[in-house]
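Structural overview for review
Read off the chains here:
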Amino acid sequence: MKRIYLDHAATTPLDPSVLEAMQPWLSAVGNPSSGHQEGRRAKEAIDIAREIVAESLDCLFGEVCFVSSGTEAANLALLGSALGTTSSRRKILVGASEHHCVLHVAPLLERLGFEVVEIPCDREARISAESLVELLDDETLLVAVMHANNELGTLNDVSSLAGLAHQAGAAFFCDAVQTVGQIPVTMSGMDYFSFSAHKFNGPKGIGALCVQAGAPMEAVIRGGGQEREVRAGTENVAGIVGLGEALRIAGLEMEERQTRKAAARAAFVDKLKTDLPEARFSTSELPELKGHIHLRIPGIRAENMLIALDRAGISASSGAACSSGSIEPSHVLLACGYSQSEAEEGLRFTFGHENTPAEGILAAQTLVREARRILGTL
Ligand code: PLP
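Residues numbered from 1 in each chain as written. Predicted model: local features only at pLDDT ≥ 70, side-chain atom pairs only at ≥ 80, totals over all residues. Heavy atoms only, no water.

So, on to the overall build of the protein. Of regular secondary structure, the protein possesses 12 helices and 14 strands. For a compact globule of 378 residues, the expected C-alpha radius of gyration is about 21 Å, and the protein comes in at 21 Å, within 12% of that figure. The C-alpha extent of the protein, read off along each of the three principal axes, is 70 × 50 × 35 Å. Expressed as a percentage of its 378 residues, the buried residues of the protein come to 56%. Considering only intrachain contacts with a sequence separation of at least 6, the fraction spanning at least 24 residues in the protein is 72%. Element-wise, carbon and sulfur atoms account for 52% of the exposed surface of the protein, whose accessible area totals about 15700 Å². Of the charged side chains in the protein, 33 are positive and 48 negative, and the gap between their average positions amounts to 6 Å. (Helix = DSSP H or I, 4+ residues; strand = E, 2+ residues; numbered from the N terminus. Rg over C-alpha atoms; globule rule 2.2 N^0.38 Å. Buried < 20%, exposed > 50% of the residue type's maximum accessible area, 1.4 Å probe, protein only. Contact = heavy atoms within 4.5 Å. Areas by Shrake-Rupley, 256 points an atom, 1.4 Å probe, with all protein chains shown as cover. Lys, Arg positive; Asp, Glu negative; His and termini not counted. Charge placed at Lys NZ, Arg CZ, Asp CG, Glu CD.)

Read across the open sheet, the 7 strands follow the order β2-β8-β7-β6-β5-β3-β4; overall the sheet is mixed. The sheet is open, and its two borders are formed by β2 (64-67) and β4 (115-119), each paired with just one other strand. Here the strands of the sheet are splayed against their neighbours by 20 degrees on average, with no regard to which way each runs. The pairing of strand β7 (residues 192-196) with strand β8 (residues 207-211) spans 5 bridges and is classified as antiparallel. Counted as the bridge partner of Phe195 is Ala208 from β8. Against the sheet, helix α2 (residues 37-57) touches β2, β7 and β8, its axis set at about 120 degrees to β2. (Pairing = 2+ DSSP bridges. Axes fitted to C-alpha atoms, helices over the stretch in contact; angles between N-to-C directions.)

Listed below in structure tokens is the structure:
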């Protein structure tokens, strides 16, 4: 059975050209901090990737800090800015629909003496200007709002939200893990900006935090002076090279990839609308991210549906955390105002550019068949 992978928001396949670019650096000996030839070559490879990031995201070469993941980047943005500030402001606002890599840092920030307040989101996980303005005050140090929500695929107007934060004298952190490499996006107007290579056909275990020149930042991981003293530790040279190459290719192929994803998703959605009218889509329009579609089938827990789909050859997700083998209700859906049992029904299908409309149709047919079987209405 040929499997159909529809979980690209979780991770994407490594592009063969990216692997090819990484290969020499998996075995090259040089430590980028060493002054000899081997070391200097490794440093040059990192700097080429840094140049690609700076050019793609419209930031300065020196503002790019490579880290191990989108999760580490968000942790560093929050903790590093809080520890590095000279301001007496002590309030940090975070979107209620943020990824756990932001929300789960709150207890640490609170231990450091900061107050963390969640900004409510709407039914589609978006943060409105009004809800931000209601909470912003002259005590607010930092606002963290993600660019696209990883579960629903909806976008926040982060440029406007960052503008509002700045007007109130606060800094702005944008988790752009779901948008960098997917849609045109720049760091312009953001103080802290994070992304992760494995979401755009790069390797896992490498990401970056861009820190605007002059923005407060204290290293959390300490040791040598790597990454301009923001993040110590010998660099993952092969990973960084892979990130750069993946971002370069994503920029070149962005339009074509978007078109292909959108076509596969449209085939899936159209078939589902006709054959399973019970399905409840979580957004009134198709989500802005072209590969995403999120829905519920009332009466079917996501856990049961995902097991059935997996057995039938379809990889999808609930978008929510999986702990000790059972899926917890999505904190995003709870924040959107869904009940506990509704939040346990959320299904996320995320298409990639390698998916075809035929796969979209087949996935929808499988979903309908399994739903009818579980509901007993076959
Ligand atoms: N932020 C968002 C919005 C995500 O979707 C993810 C991953 O799913 C992350 C952060 C974490 O990125 P990483 O897997 O590189 O730690």
